[in-house]
Amino acid sequence: MMHKLMNKTMSFMTDAFAPKVNRVVNNPWVSAIQDAIMAALPLVFVGSIITMFALLKNIFSSIPDLSMTSDFSFGMYALVVVFLIPYFLMEKKGFGSQKLISGATSLVLFMMLLFPTITAEVKRLSSYLVLAQLACSCPC
């Protein structure tokens, strides 16, 4: 009985489910998003390690506050992904010569859409505004 159920399940997975999933995964848009997230994943790891270290501040008060560093790394993650999605999309669509300009255009549009806020509690600019200022003042 279990053997028959297992064969039926495997048949469904290989004959019906896998072709549909392959169609979605082979879509250039989905594939570009997947590649961009995978390329930027180290920034998530850096931010997560800093966040875990910052949690120790609850136990040991002498540890410096690294929350801005964590916010910065996750904000940089957003900037990297915003650049890489159109970059990889142009590569997959066969427009390799347009990769950089499409990534840069996406980054500029993202920066234009940022809406800076000042929070009353901590009297600091949001991390997105800090990123925008950093990107605009970068001498590179």
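Our subject is the structure listed above.
Owing to the predicted nature of the structure, the values given are computational and were not obtained by experimental measurement.

Novice: Account for the pattern of salt bridges, with residues named and values stated.
Specialist: Under the definition given, this model contains two salt bridges. Where Lys92 meets Asp35, a salt bridge forms, and the shortest distance between an N and an O atom there is 2.8 Å. Residue Lys92 is located in helix 3 (residues 67-92), and its partner Asp35 is located in helix 2 (residues 28-55); the two are separated by 57 residues in the primary sequence. What makes Asp35 partly exposed here is its relative accessible area of 26%.

Novice: Could you give me a rundown of the side chain of Ser102, with the residues and numbers involved?
Specialist: Relative to the assigned elements, Ser102 resides in helix 4 (residues 99-113). Look at Ser102 and you get buried, because its relative accessible area is 16%. For Ser102, the side chain forms a polar contact with the main-chain oxygen of Gln98, separated by 3.0 Å. Reaching out from Ser102, the side chain makes a polar contact with the backbone oxygen of Lys99 at a distance of 2.9 Å. Not counting chain neighbours up to four residues away, the residues in contact with Ser102 comprise Pro86, Tyr87 and Met90.

Novice: A description of the packing of helix 2 against helix 3 should follow, citing residues and the corresponding values.
Specialist: Running from amino to carboxyl end, helix 2 crosses helix 3 at an angle of 165°, the nearest separation of the two axes being 8 Å. Classified by the angle between their axes, helix 2 and helix 3 sit roughly antiparallel to one another. In the packing of helix 2 onto helix 3, the handedness of the crossing is right-handed. Here the contact of helix 2 with helix 3 is composed, by residue class, of 22 nonpolar, seven polar and two charged.

Novice: Could you give an account of the nonpolar core, naming the residues involved and the relevant values?
Specialist: A general trend in soluble globular proteins is that nonpolar side chains are found buried together. With seven residues, the main nonpolar core is built from Ala32, Ala36, Leu84, Tyr87, Phe88, Leu89 and Met90. Elements with a minimum of two residues in this core: helix 2 and helix 3. With sequence-adjacent residues up to four places away left out, Tyr87 is seen in contact with Lys99, Leu100 and Ser102.

Novice: Before we move on, can you summarise helix 4 with the specific residues and values?
Specialist: The end-to-end C-alpha distance of helix 4 is 21 Å, a good match for the 21 Å that 15 residues give at a rise of 1.5 Å each. Taken together, the buried positions of helix 4 are Lys99, Ser102, Gly103 and Met111.

Conventions and cut-offs
Residues numbered from 1 in each chain as written. Predicted model: local features only at pLDDT ≥ 70, side-chain atom pairs only at ≥ 80, totals over all residues. Heavy atoms only, no water. Salt bridge = Lys/Arg side-chain N within 4 Å of Asp/Glu carboxyl O. Helix = DSSP H or I, 4+ residues; strand = E, 2+ residues; numbered from the N terminus. Buried < 20%, exposed > 50% of the residue type's maximum accessible area, 1.4 Å probe, protein only. Polar contact = N/O pair within 3.5 Å; in protein donor to acceptor, adjacent residues only side chain to side chain. Contact = heavy atoms within 4.5 Å. Axes fitted to C-alpha atoms, helices over the stretch in contact; angles between N-to-C directions. Parallel < 35°, antiparallel > 145°, perpendicular 65-115°, else oblique. Left-handed = near helix turned anticlockwise from the far one by under 90°. Nonpolar A, V, L, I, M, F, W, Y, C, P; charged D, E, K, R; others polar. Core = buried A, V, L, I, M, F, W, Y, C linked by side-chain atoms within 4.5 Å. Expected span 1.5 Å × (residues − 1).

Worth remembering: the numbers are spatial, not functional.
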